[in-house]
Each structure stands twice: as structure tokens, then as C-alpha cells.
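# Survey of secondary and tertiary structure
Listed here are the chains, written in short residue letters.
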Amino acid sequence: MNIFINNLFDRRDTDSKLVDCIRVIYLDPSKDCIVTFSIIRENALPEYRLISSIEQEVFDGTLIKREVDPYARFMIPDEKLNEKEISIRDEAWKLIRELVELEPNIFDPKERYQMIKNEIAKTKKSKRLYYKYLRFYWAGGKIVNALLPRFRKCGGVGVKKNPTEKMGRPRETSKSVDAKYNGVIVSAGTRKIFDTVIREIYLKTNRRDSVRFTYVEMLKKYYQIGTVKKGKYEIPIIPPEHELPSMAQLRYHIRKNYTKRKQLIEREGEVTFNRDFRPLLGSETRKATGPGQIFEIDATIADVYLVSSDDTNLIVGRPVVYIVVDVYSHMIVGLYVGFEGPSWLGVMMAIENTVENKVEFCEQFGITITEEEWPCHHMPQHFYADRGEMESKKADSLGNALGIKLKNAPPYRADLKGIVEQQFRTLNLTLQPWMPGAVKQEYKKRGGPDYVLDAKLTLNDFTEMMIEMIIYRNNHLYMEYYPLDKDQALDKVRPVAKDLWNWGVAHNHYLKVIDPDIVRLNVLPEATVTVNREGIYFEGMYYGSEELLLQGGFIKGGRLRW
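Residues numbered from 1 in each chain as written. Predicted model: local features only at pLDDT ≥ 70, side-chain atom pairs only at ≥ 80, totals over all residues. Heavy atoms only, no water.

### Digging into the overall build of the protein chain
For the record, the criterion: Runs of H or I in DSSP of at least four residues are treated as helices and runs of E of at least two as strands, each being numbered from the N terminus. Radius of gyration here uses only the C-alpha atoms, and the compact-globule reference equals 2.2 Å multiplied by the residue count raised to the power 0.38. Each residue gets one of three labels from its accessible area relative to the maximum for its type: buried under 20%, exposed over 50%, partly exposed in between, using a 1.4 Å probe on protein chains only.
Of the regular secondary structure elements, the protein chain holds 19 helices and 18 strands. Relative to a compact globule of 562 residues, whose C-alpha radius of gyration would be 24 Å, the protein chain shows 39 Å and is clearly more extended. Across its three principal directions, the C-alpha atoms of the protein chain cover 120 × 90 × 50 Å. Taken over 562 residues, the protein chain has a buried fraction of 40%.

Structure follows, in C-alpha cells:
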């Protein structure tokens, strides 16, 4: 094999434990000579070896070539170094520059000793300093930046210090007035007090107390030396400022020992942290790799008041809108508008609409479309919904009979269904200005007009508007921030829901075709009912049936339970 200067080789024992790592710092192929230097041993010195012996050890597996150089971190431009680092590096290089250029003589122990001795006589520096810089230079691959100071190894990282004098910048009062005003030392006892008040006050969930408030409470509880009565109040007596730990010292303790993540989780609560402060890496769209892998479903109360279709003078309230969205393409694949509050009944109707032929669905509201404008009549691999509707036993049939996996978002985590939540916002902002009876925040003031009295739309009118908006959005809305992948970009797919849906169906999809009657059978609620001469009694109402009438089920004395 070929060996080059700066090659690194690991030496391991029979248990594959690292024993040594050597760097090639000199080669003389004509003499079969190589000089290596250990970058691990503390007091390592250059060693003469045979090139053939190194090659044999590599062939035998005793030496293993290392690909990553641990000293590569020193190979940085001067612009990233501060003045102190550059100054120390240049001073060290000035001491050893002439020595390291005398290769291979500098590798000989006797000649090296004499060279260093001569330099010491001229510079009056210690022998230890010369060897320190030589080792830095050889271990780092014979680059000048290998002489940079190791500041990160200074100070005893992770070891608590108990200084005998106050650390940090001296206070102005100690310099201009008296040295005794320099403040107090943060000892182990002071740190214990800091930790206690931080835990009991500053990190108290849903309190959001400031560091200043925490500091004042700490002084009252741990540093109070008495009280003085002023009127009906008792005022605590606190020692002079220079005899107390400062608020800056408390801030430093918090910053050093409590990460921002820990502070936010403790102060805001884990649910709030996960919703509002967690890292936002990646894209929710990338949770799905094709149409139909995940459908998100959710409901909201629309910001509009409707009137009765039988009596337009009668205001019947605000409707509940259910939407089903495909995560991959952002295609709205299902819709239901009704007055039932968020419940299984609303989810049931939205799921049924998901598999319904949209051409026939739109015809019910006098809207004519083609199959290509809304080609969605499928069931997904996964349904992602809120807790509640999909956590009921009524939803189990979707998984057991239809093979659809259900997943519910944790409490207070609507952000995990951001795609369907954003659809509500987009539809609401688009439709609200055109809807009479729309809820308007700016009208909520004394003497302001009552927007409720402006209501003119019926349930069918509002549903028709929703359908028209969905058709436009699915077919024409350009999603500027949609994360197109490489294949989509190469195929010049527009970030429009319909185009993404069609491209995904052609390449990789998880859609299932299930007869709407089968879906309806599995989502409708089941109950045991009583049949008597008045009809079929179910949830406070009576129903008739021609089949049971012919069988005699409604005859007196023929009481049945179904």
C-alpha cells in the first residue's frame, strides 16, 4: 500500500481496544525509513521505523488506517480566530520555526537535545515549553495552527469551584470607593440557596415569575435579619448590597445550570412546550409518502350565523364544519356541514362523504363538476383525528371491518394536525368577507352593529359556498411553500392539490375503494331498540317500518326487542 505524510494509523489489542494512534511525520523511501509520532501518548517523541514494517502491520491488521483526522478542527482561517489566539500561536511558531525545518536531524534525540539547548540559551525559555510546542506541531500534522492554545481544556470543565475570592469583573464601587464593596463569593451554600428559590419560584409552572421577583423573594426568605414596623406593615431588614449575592450572580447560575429547554418545560408545562416552543424540523407533509396514506379530519364552528330554510326570519345558529384532508397532496377529500356539535355523528357524515362520488354530491346542491375536478372517493390507510370522536367504540369498526388504522392527537396538540387546521383558516378568511351574518371581531363593542341580525344564508347556501371554495382550492390554489421533492420537481409538478394528487396516484398511493353502503354500515351507531304498537322507539323518537308492519311487529302484544 502507499503511505503518505500525515497518515494516521490506529493500533488495537486483541479486544479491539485502542492502544495507540500514530501519525507519519517523515518519509524517506530510498532508505526504507519512516518517522512516526503518537498523538495519544502524553510525552510522545518521534520514532524511527521501517516503511516495510509499517506496511506489514497494516497487511496483518495490527495497524488500521484512520480516515478522520481529530486535528482537522485546527484547519481554519485566521478570520475565525481572535487576537489572543493568533498572538499565542505566532509566539509559539517563532520559537520552533527554525528547529522543525531541520529535518530529519530534529528527529534524532541527541541532535534535538543540543538544538533545543542552544535555543534556550538565546531565548531564556524553558525546555518544557519547547517540547510542548514541538509535540503540538507534530501531533497536529505539522501545521502552524496546531500551535493554537487549547483554551477549552482549561478551567476544569464540569468541576464545581469553591474560590477563595470573588470571581469576575470587579464592581465599580470597589475600585472607586472601597475594596470591601466588591461583593460576595458564590459558595456551595449560596448555590444551594439559588437552586432552592429557582425550583420553588422561578420554575413554578404557569407562574412566569421574573428573575427580579425570584431574587427579591430569596432575599426576604434567606437573607432577612429582622423586620421594622411602618404603620400596619412589617418591612424586612436586608443587609447592605455588597454583603449579598447579586441578581447578576443569580442570572448567571440560571443560565449556566438550567438549559433553555428545561426552563421552558418547567415554567410553561410540557404540553405548552411541545406545542409552542419545540423545534420545528422537517415538514408535516413528509409524514405521508403518497395520497391516501394519512387523512386528517377535524371540525370547527363556522364564523357565520345561518337562518332557517323554512323561515328566513328565524336565526338557527352557527354551523359545524367537518373537513377531511389528504396529508400528502393537501387535497380536501371530504366535507360535512351541519348543526350537530363536534361528535361521532359529524365525523360519521364526513367519513361517508369521503367515499361518496363528488359529482353526485355536488349535484345535490345544484353544482355541476366533472370527475377530474374532485376525483376523491376513497378511504385512506390512516385516519388522524382529535381525541373524543375517534376514541369512541363506534370508531372501532373502521379498523376492524375496513382495515383502517386510527390515530388520535394528544390533548391540546392541534398543531399536530396543522394541515387540516390551516384549511379551516384559509377557507374562513376567504369566505368571511362575502357572508352576511359573519362573525366580526371589530363589531364587538358597545353600541356597535349586531352582525347576527345580518344573517341571510341557509344551511344549503353555506354548504354550496363551501363546496365552491373547496373546488377552487383543490384545482387552482398555488401552494407557494409546499415542499416539492426531487422527483416532483423533475416532472415539473405544480404545487396545486389536484396536480399533486394525480401525480401521487400515478406513482405511489395508499387509496382504498370501498362501497359507500359498506362504509355507512360500519359508521352508523348501533343500539338495541324496543318495538311496540306505537313504532320502533329509539332515542326518544318512534319510527315505522313496512317490513315489521307486515310481520306483525306493531300489533299489541307483539312487543319485540331488536
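### As for the environment of Val513
With respect to the helices and strands, Val513 occurs in the loop between α17 (497-507) and α18 (516-523). Owing to a relative accessible area of 66%, Val513 belongs among the exposed residues under this scheme. Put simply, Val513 and Met379 are 134 residues apart on the chain and 6.3 Å apart in space, counted from C-alpha to C-alpha.

### Some thoughts on the nonpolar core
Here is the rule: Each nonpolar core is a collection of buried residues, namely Ala, Val, Leu, Ile, Met, Phe, Trp, Tyr and Cys, held together in the definition by side-chain atoms within 4.5 Å. Here, residues are in contact when the closest pair of their heavy atoms is within 4.5 Å.
If you look at the biggest cluster of nonpolar residues, it comprises 70 residues, and the most contacted ones within it are Ile323, Ile351, Trp374 and Met379. Excluding residues within four positions of it along the chain, Trp374 makes contact with Met331, Ile332, Val333, Lys358, Phe361, Cys362, Ile369, Ile467, Ile470, Ile471 and Asn474. Formed by 30 residues, the second largest nonpolar core is a distinct cluster that contains Phe74, Ala92, Trp93 and Leu147.

### Some points on the sheet that holds strand β2 (residues 18-28)
Threshold: Criterion used throughout: strands pair if DSSP finds at least two bridges between them. Note on definitions: angles span 0 to 180 degrees between N-to-C directions of axes, and those axes are lines fitted to C-alpha atoms, for helices only across the stretch in contact.
Spatially, 5 strands are ordered β4-β3-β2-β1-β5 in an open sheet, and the strand pairing comes out antiparallel. One side of each edge strand has no neighbouring strand; the edge strands of this open sheet are β4 (47-50) and β5 (63-66). Averaged over neighbouring strand pairs, the angle between their axes works out to 40° when direction is ignored. On the sheet, helix α1 (residues 51-60) packs against β1 (8-12), β2, β3 (33-38), β4 and β5 and is oriented at approximately 75° with respect to β4.

### Quick look at the packing of helix α6 (residues 188-202) against helix α8 (residues 247-257)
To be explicit about the condition: Oblique is the label for any angle not covered by the other classes, which are roughly parallel (under 35 degrees), roughly antiparallel (over 145) and roughly perpendicular (65 to 115). We call Asp, Glu, Lys and Arg charged. Ala, Val, Leu, Ile, Met, Phe, Trp, Tyr, Cys and Pro are nonpolar, and the rest, Gly among them, are polar.
Between α6 and α8, the least distance of the axes is 11 Å, while the angle of their chain directions is 75°. Classified by the interaxial angle, the pair formed by α6 and α8 is roughly perpendicular. For the pair α6 and α8, contact is made by Arg191, Phe194, Asp195, Ile198 and Tyr202 and by Gln249, Leu250, His253 and Ile254, respectively. Looking at the contact of α6 with α8 residue by residue, the classes come out as 5 nonpolar, 2 polar and 2 charged.

### Overview of helix α11 (residues 344-355)
Along an α-helix, residues three or four apart share an orientation, since each turn contains 3.6 residues. Keep this limit in mind: Each residue after the first adds 1.5 Å to the expected span of a helix.
When the terminal C-alpha atoms of α11 are compared, their 17 Å separation across 12 residues agrees well with the 16 Å that a helix rising 1.5 Å per residue should span. Here α11 lies mainly inside the structure; 10 of its 12 residues are buried. For α11, the set of buried residues is Trp344, Gly346, Val347, Met348, Ala350, Ile351, Glu352, Asn353, Thr354 and Val355.

### Structural notes on the sheet that holds strand β12 (residues 332-338)
To summarise the sheet geometry, strands pair through backbone hydrogen bonds and adopt either a parallel or an antiparallel arrangement. If you trace the 5 strands from one edge of the open sheet to the other, you get β12-β11-β8-β13-β14, paired in mixed fashion. Both edges of this open sheet fall to β12 and β14 (405-408), since each of them pairs with a single strand only. For this sheet the average axis-to-axis angle between neighbouring strands, irrespective of direction, equals 20°. Taken together, the 4 bridges between strand β13 (residues 382-385) and β14 define a ladder with parallel strand orientation. Residue Tyr384 lies in a different strand from β14, and its bridge partner there is Lys407. Docked against the sheet, α11 engages β8 (294-301), β11 (320-326), β12 and β13, running at close to 140° with respect to β12.

### Description of the pattern of salt bridges
Quick note on the threshold: Note on definitions: salt bridges are taken to be side-chain nitrogens of Lys or Arg within 4 Å of carboxyl oxygens of Asp or Glu.
According to the stated counting rule, one finds 20 salt bridges in the structure shown. Among the ionic pairs, Arg12 bridges to Asp10, the shortest N-O distance being 3.8 Å. Since its relative accessible area comes to 35%, Arg12 is described here as partly exposed. According to the relative accessible area criterion, Asp10 is buried, its value standing at 7%.

### Here's the deal with the packing of helix α3 (residues 109-123) against helix α4 (residues 127-139)
Spelled out, the test is: Crossings are classed by handedness, with left-handed meaning an anticlockwise turn of the near helix from the far one by less than a right angle and right-handed meaning a clockwise turn.
As a packed pair, α3 and α4 sit with axes 10 Å apart at the nearest point and diverge in direction by 125°. Here α3 is positioned oblique relative to α4, judged by the angle of their axes. Crossing of α3 over α4 shows right-handed handedness. Contact residues: α3 offers Arg112, Ile116, Glu119, Ile120 and Thr123, while α4 offers Lys127, Tyr130, Tyr131, Leu134 and Trp138.

### Some points on unusual backbone geometry
Between Glu103 and the following residue, Pro104, the backbone shows a cis peptide bond with an omega angle of 5°. Along the chain, the position of Pro104 falls in the loop between α2 (83-100) and α3. At Arg208, a residue that is not glycine, the phi angle is positive and equals roughly 55°. Looking at where Arg208 falls in the secondary structure, it is placed in the loop between α6 and α7 (211-222).

### Regarding the side chain of Asp209
Short version of the rule: In the analysis that follows, any N or O atom pair within 3.5 Å is treated as a polar contact, provided that within protein one partner can donate a hydrogen and the other can accept it, and provided that, for residues neighboring in sequence, both atoms belong to side chains.
Its location among the elements puts Asp209 in the loop between α6 and α7. Of the polar contacts made by the side chain of Asp209, one reaches the side chain of Arg207; its length is 2.8 Å. Discounting chain neighbours no more than four positions away, the residues touching Asp209 are Ile201, Tyr202, Thr214 and Arg267.

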